[in-house]
Amino acid sequence: MEVVIVPDAAAGGELIASAIGRLLTEKPDALLGVATGSTPVPVYRALAAKVSSGEVDASRARVCQLDEYVGLPPGHPESYRSVVLRQVVEPLGVDPAAFMGPDGAAEDVRAACLAYDEALAAAGGVDLQLLGIGSDGHIGFNEPCSSLSSRTRIKTLTERTRQDNARFFDGDIEQVPHHVITQGIGTILDARHLVLLATGEGKAEAVAQTVEGPLAAVVPASALQLHPHATVVVDEAAAAGLKHADYFRHTYANKPSWQGI
Ligand code: GLP
């Protein structure tokens, strides 16, 4: 995998937004897999600025969710569907009909999971999947010890993840659902390009385990080691635990600029 160390979150957002812009130039109807949480916000801001300035046209782009809470009422402001509509679909001018996600309100959750995997495949697969990382090393909502070949399915959140996400629910962990639908690790690995962004010291340990630790289900993000085109973008704080940081800096500094990430 390629590791790019950037000075701060804004620089990471700009780098990834440029890569998405480049992809949309080559493939205007690319299917973009998007993540939620605080980390990807600088990417969406930078991309929205490029759309506003006319540098990027996202009007034909397609967008899909990585995961979703189970059981929130439709239209709940913290459902990931609402978040992605607010942060990505609307600001980028993506056609809402070209936006898909798993149905967290479905009566038959298992059928909804299967239907989502089938819909992703029928759409031709994800071109670029943006990922954040949980403080416990999860991607999507694949908590530690998730099968590395899992498909979209229901998962139960750890208390640590519910606590981490309580800030989106008035700081009240009781409001954070216990269950979620998440693309499986195998589903995520089907995307053609994986781009994981991690910022802040709270992610340093998870990043070190992901990049330099063994491939292990206990660190779900380490599955990126299996992917032929995985890019990990980290700020200085999140890079603090990397033993090979100097090598990563050297490699990126000497990379031909036409290559992109
Ligand atoms: C949630 C999401 C993940 C995200 C993680 C980290 O668990 N399901 O996709 O990566 O939060 O969020 P943050 O970027 O806010 O730290």
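Computed from a predicted model, the values in this text were never measured in an experiment.

Caption draft 1: Representation of the pairing of strand 3 (residues 62–65) within the structure. Here strand 2 (residues 31–34) pairs with strand 3 via four bridges, running parallel. Across the sheet, Leu32 pairs through a bridge with Val63, a residue of strand 3. At this point the chain moves from strand 2, through helix 2 (residues 41–53), to the parallel strand 3, and the crossover so formed is right-handed. Bridge analysis of strand 3 against strand 5 (residues 99–100) gives two bridges, and the strand direction is parallel. Across the sheet, Cys64 pairs through a bridge with Met100, a residue of strand 5.

Caption draft 2: Just the site of the ligand, in detail. The full set close to the ligand counts 15 residues, and Ser38, Thr39, Asp67, Arg167 and Lys203 are the nearest of them. Within the backbone of Ser38, one N or O atom sits 2.7 Å away from an oxygen atom of the ligand. Lys203 is positioned with one of its side-chain polar atoms (N or O) 2.6 Å from an oxygen atom of the ligand. Grouping the amino acids of the shell around the ligand by side-chain chemistry returns four nonpolar, eight polar and three charged.

Caption draft 3: Focus on the nonpolar core. One finds Leu196, Val234 and Leu242 to be the most contacted residues of the largest nonpolar core, which totals 64 residues. With seven residues, helix 1 (residues 9–26) is the single largest residue contributor to this core. With residues up to four places along the chain from it excluded, the contact list for Leu196 reads Leu131, Gly132, Ile133, Ile139, Ala221, Leu224, Thr231, Val232 and Val233. If you look at the next biggest cluster of nonpolar residues, it comprises 11 residues, including Tyr69, Leu72, Phe141 and Leu157.

Caption draft 4: Looking closely at the pattern of salt bridges. The full count for this structure, using the stated rule, is 11 salt bridges. The closest approach of N and O atoms between Glu55 and Lys50, which form a salt bridge, is 3.5 Å. We note a salt bridge from Arg249 to Glu236, for which the minimum N-O separation is 2.9 Å. Here Arg249, found in helix 8 (residues 245–253), pairs with Glu236, found in the loop between strand 10 (230–235) and helix 8; they are 13 residues apart in sequence, far enough to count as distant. The partly exposed category is assigned to Arg249, whose relative accessible area is 34%.

Caption draft 5: The packing of helix 2 against helix 3 (residues 80–92), seen in detail. Between helix 2 and helix 3, the least distance of the axes is 9 Å, while the angle of their chain directions is 10°. Looking at the two axes, helix 2 sits roughly parallel to helix 3. The hand of the helix 2/helix 3 crossing is left-handed. For the pair helix 2 and helix 3, contact is made by Val41, Tyr44, Leu47, Ala48 and Val51 and by Gln87, Val88, Pro91 and Leu92, respectively. Taken together, the residues of the contact of helix 2 with helix 3 break down into eight nonpolar, one polar and no charged.

Reading the values: rules and limits
Counting from 1, residues in each chain are numbered in the order their sequence is written. Local features in a predicted model are, by the rule used here, given only for residues with pLDDT of at least 70; side-chain atom pairs are given and counted only at 80 or more, and totals for whole chains, interfaces and linings are based on all residues. Note: side-chain values were computed over all heavy atoms of the structure, leaving out hydrogens and water. DSSP calls a pair of strands paired once it identifies at least 2 bridges connecting them. By definition, any uninterrupted DSSP run of H or I lasting at least four residues is a helix, any uninterrupted run of E lasting at least two residues is a strand, and each is numbered from the N terminus. The definition of a right-handed crossover adopted here requires that, viewed with the strands pointing away, the path from the first strand over the helix to the second runs clockwise. To be near a molecule or strand, a residue needs just one of its heavy atoms within 4 Å of it. Pairing of N or O atoms within 3.5 Å defines a polar contact, subject to two protein rules: one partner must be a possible hydrogen donor and the other a possible acceptor, and residues neighboring in sequence count only if both atoms are side-chain atoms. Polarity classes work like this: nonpolar for Ala, Val, Leu, Ile, Met, Phe, Trp, Tyr, Cys and Pro, charged for Asp, Glu, Lys and Arg, and polar for all others, with Gly in that last group. The term nonpolar core refers to a set of buried residues drawn from Ala, Val, Leu, Ile, Met, Phe, Trp, Tyr and Cys, joined through side-chain atoms within 4.5 Å. Exposure categories follow from relative accessible area, calculated using a 1.4 Å probe and restricted to protein chains: below 20% of the type maximum is buried, above 50% is exposed, and the middle band is partly exposed. The contact criterion used throughout is that any non-hydrogen atoms of two residues lie within 4.5 Å. A carboxyl oxygen of Asp or Glu within 4 Å of a side-chain nitrogen of Lys or Arg is what we treat as a salt bridge. Angles shown run from 0 to 180 degrees and are taken between the N-to-C directions of axes, each axis being a line fitted to C-alpha atoms and, for helices, limited to the stretch in contact. Our angle categories are set so that under 35 degrees counts as roughly parallel, over 145 as roughly antiparallel, 65 to 115 as roughly perpendicular, and the remainder as oblique. A clockwise turn of the near helix away from the far one marks a right-handed crossing, whereas an anticlockwise turn of less than a right angle marks a left-handed crossing.

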